[in-house]
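Close look at the chain arrangement
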Amino acid sequence: MTPCDGGDRCRNCAGKWEGSGNCPRCFAWDALDGAIAAFDMEGAARRVVHGLKYRYIEALAATMAHAVARLPTAGSFDIAYPVPLHRARERGRGFNQAALILAGLGWNPGPGSLERIRRTGTQVGLRPAERRANVSGAFRYAGPPLDGLRAVLVDDVVTTGATANEGARVLKDYGARSVRIAVFARANYDHSPGAAIPDW
Ligand SMILES: [Zn+2]
């Protein structure tokens, strides 16, 4: 598995990137303050992600949490939320993989809850701008104000970050000072204009 560290990375989103400043994958994040990731979404890391999400091997969540917990900035958040699934999707799968990973991390669950209020179609095959439109207005936060708190969203994979950016927007509306996303795997899709994003 390839760790997301070293010099060939976007410092904001952990994507593979040789240039300076933000890479094209995170240019459009207007609410999300960055991503931290343990491994690239390829090889064994990809099999681990699929093992949890599609083969329901729930024990993999602890392994994934262990990898995320070892990231250098893993301790710098006040509150954490799993990226929510829509209720219907969660019922179908029997669990939310992001919630299992967060449970393994033991990070302080935020007050209230971040909920998915709109069932979005799949993001697979959509270009970045289409993904943003697809998840717009998909979330709701229910709980007390988050004034000044540093929040983190937890998920198994980040690709364009469109979903996490939308969740971050909602948490910031309620006062969160910063919102980042922590994931097990970073999907390094082709970021050239017009390129379709593959199914991971
Ligand atoms: Zn980036």
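Residues numbered from 1 in each chain as written. Predicted model: local features only at pLDDT ≥ 70, side-chain atom pairs only at ≥ 80, totals over all residues. Heavy atoms only, no water.

Mapped onto the secondary structure, Thr73 falls in the loop between helix H2 (60–69) and strand S2 (79–82). Sequence-wise, Thr73 and Ala182 are 109 residues apart; in three dimensions their C-alpha atoms are separated by 9.6 Å. In contact with Thr73, not counting residues within four places along its chain, are Ile36 and Arg180. (Helix = DSSP H or I, 4+ residues; strand = E, 2+ residues; numbered from the N terminus. Contact = heavy atoms within 4.5 Å.)

On to the side chain of Asn165. Residue position: Asn165 is located in helix H6 (residues 162–173). Classification of Asn165 by relative accessible area gives buried; the value is 4%. (Buried < 20%, exposed > 50% of the residue type's maximum accessible area, 1.4 Å probe, protein only.)

Across the 9 residues that make up strand S5 (residues 150–158), a large majority, 8, are buried. Where S2 meets S5, 4 bridges bridge the pair, whose relative direction is parallel. By the bridge assignment for S5, Ile79 is matched with Ala151. Taken together, the 8 bridges between S5 and strand S6 (residues 178–186) define a ladder with parallel strand orientation. The residue bridging Ala151 from the neighbouring strand is Val179, located in S6. Each parallel crossover has a hand, and the one from S5 via H6 to S6 is right-handed. (Pairing = 2+ DSSP bridges. Right-handed = clockwise from strand over helix to strand, strands pointing away.)

Locating Arg177 in the fold gives a position in the loop between H6 and S6. Sequence spacing of Arg177 and Ser192 is 15 residues, and the spatial spacing of their C-alpha atoms is 32 Å. Those residues in contact with Arg177 that sit more than four places away from it in its chain are Asp33, Gly148, Leu149, Arg150 and Lys172. Of note is the side chain of Arg177, whose polar atom sits 3.2 Å from the backbone oxygen of Gly148. (Polar contact = N/O pair within 3.5 Å; in protein donor to acceptor, adjacent residues only side chain to side chain.)

The next subject is unusual backbone geometry. Phi is positive for Ala14, close to 70°, though the residue is something other than glycine. Mapped onto the secondary structure, Ala14 falls in the segment before strand S1 (35–40). Look at Ala14 and you get buried, because its relative accessible area is 8%. A positive phi angle, close to 60°, is found at Tyr56, a residue other than glycine. Looking at the secondary structure, you find Tyr56 in the loop between helix H1 (43–53) and H2.

This paragraph deals with the coordination of the zinc ion. Within the protein, the atoms that donate to the zinc ion are Cys10 (SG), Cys13 (SG), Cys23 (SG) and Cys26 (SG), at distances of 2.2 to 2.4 Å. Given 4 donor atoms and angles of 95 to 122° at the metal, the environment of the zinc ion is assigned as tetrahedral. The sequence pattern describing where the donors of the zinc ion fall on their chain is C-x2-C-x9-C-x2-C. With respect to class, Cys23 is no different from Cys26; both count as buried. (Donors = N, O, S within 2.8 Å, 3.2 Å for Na, K, Ca; no water. Tetrahedral: all angles 85-135°; square planar, octahedral: opposite > 155°, others 65-115°.)

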